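Summary of structural features
If you want the building blocks of each chain, they are given just below.
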Amino acid sequence: PDYLNMTGSAWQRASLSGDAMLYHTYGSAGIVDSDTIISPAIPLPDATTGYHYELETREYQAYLDYAAAFGGMCGVAVSSDGGVTFTMVGETNYNHASYGTTYNHSYNLSGFSGDTIHIAFIYQGMDAAAHATYGISQIWGVTTMEIVEKEDPTDPVFAHSKLVFPVTVVGETV
């Protein structure tokens, strides 16, 4: 994978409960980390009619609720032009904020069917020293990643009925 920015800490490989994990943690005191790791090219065939692609992940985080509160961000972007430009497809779920939480998450790739894509994992955060009031560091990791074809959601259909009685004047009965 390619690495961009590389300020402060950097993306690292590790394992969590026996599963391989790609993760990012805080860097040196007072440094704002802003790092991106980009996948190799991934060809996506045309999705079956009525289906789209999603990137399903198993993610790990610690104190990301503070990352969001202080302007940090952890998310996924996709490029279909060889990595020249990227489109954000979503951010992690910051509601899983307690230390060491793992959870399932998915990112919609519906606009990329039939393209060759690059997936970027973006980390922006600060270390504990920068948030001395709270003494916390933001950690985000991804243990599993799989691109799956999912059925498109069905749009709700609203039924309406025809009036079966004539319009009346107020106080008049039929």
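This is a predicted model, so every value here is computed, not measured. (Residues numbered from 1 in each chain as written. Predicted model: local features only at pLDDT ≥ 70, side-chain atom pairs only at ≥ 80, totals over all residues. Heavy atoms only, no water.)

A separate point is the overall build of the protein chain. When its secondary structure is counted, the protein chain shows 1 helix and 11 strands. In the protein chain, the succession of α and β elements from N to C terminus is β-β-β-β-β-β-α-β-β-β-β-β. Expressed as a percentage of its 174 residues, the buried residues of the protein chain come to 37%. When contacts within the protein chain are restricted to residue pairs at least 6 apart in sequence, long-range pairs at least 24 apart make up 75% of them. Carbon and sulfur atoms provide 53% of the accessible area of the protein chain, an area that totals close to 10,000 Å². (Helix = DSSP H or I, 4+ residues; strand = E, 2+ residues; numbered from the N terminus. Buried < 20%, exposed > 50% of the residue type's maximum accessible area, 1.4 Å probe, protein only. Contact = heavy atoms within 4.5 Å. Areas by Shrake-Rupley, 256 points an atom, 1.4 Å probe, with all protein chains shown as cover.)

Here we come to the sheet that holds strand β6 (residues 51-62). By definition, the strands of a sheet pair up through backbone hydrogen bonds, in either a parallel or an antiparallel sense. What the 5 strands build is an open sheet, ordered β2-β3-β11-β6-β9; its pairing is antiparallel. Two strands in the sheet have a free side with no partner beyond their single neighbour: β2 (12-16) and β9 (101-108). Averaged over all adjacent pairs, the angle separating strand axes in this sheet is 40 degrees, with direction ignored. Across 8 bridges, the pairing between β6 and β9 is antiparallel. Directly across from Y60, in β9, lies its bridge partner T102. (Pairing = 2+ DSSP bridges. Axes fitted to C-alpha atoms, helices over the stretch in contact; angles between N-to-C directions.)

Looking at the secondary structure, you find H105 in strand β9. A relative accessible area of 19% means that H105 is categorised as buried. Within the structure, the side chain of H105 is placed 3.0 Å from the backbone oxygen of E91, a separation counted as a polar contact. Once residues within four sequence positions are removed from consideration, H105 is found in contact with L55, E56, T57, E59, E91, T92 and N93. (Polar contact = N/O pair within 3.5 Å; in protein donor to acceptor, adjacent residues only side chain to side chain.)

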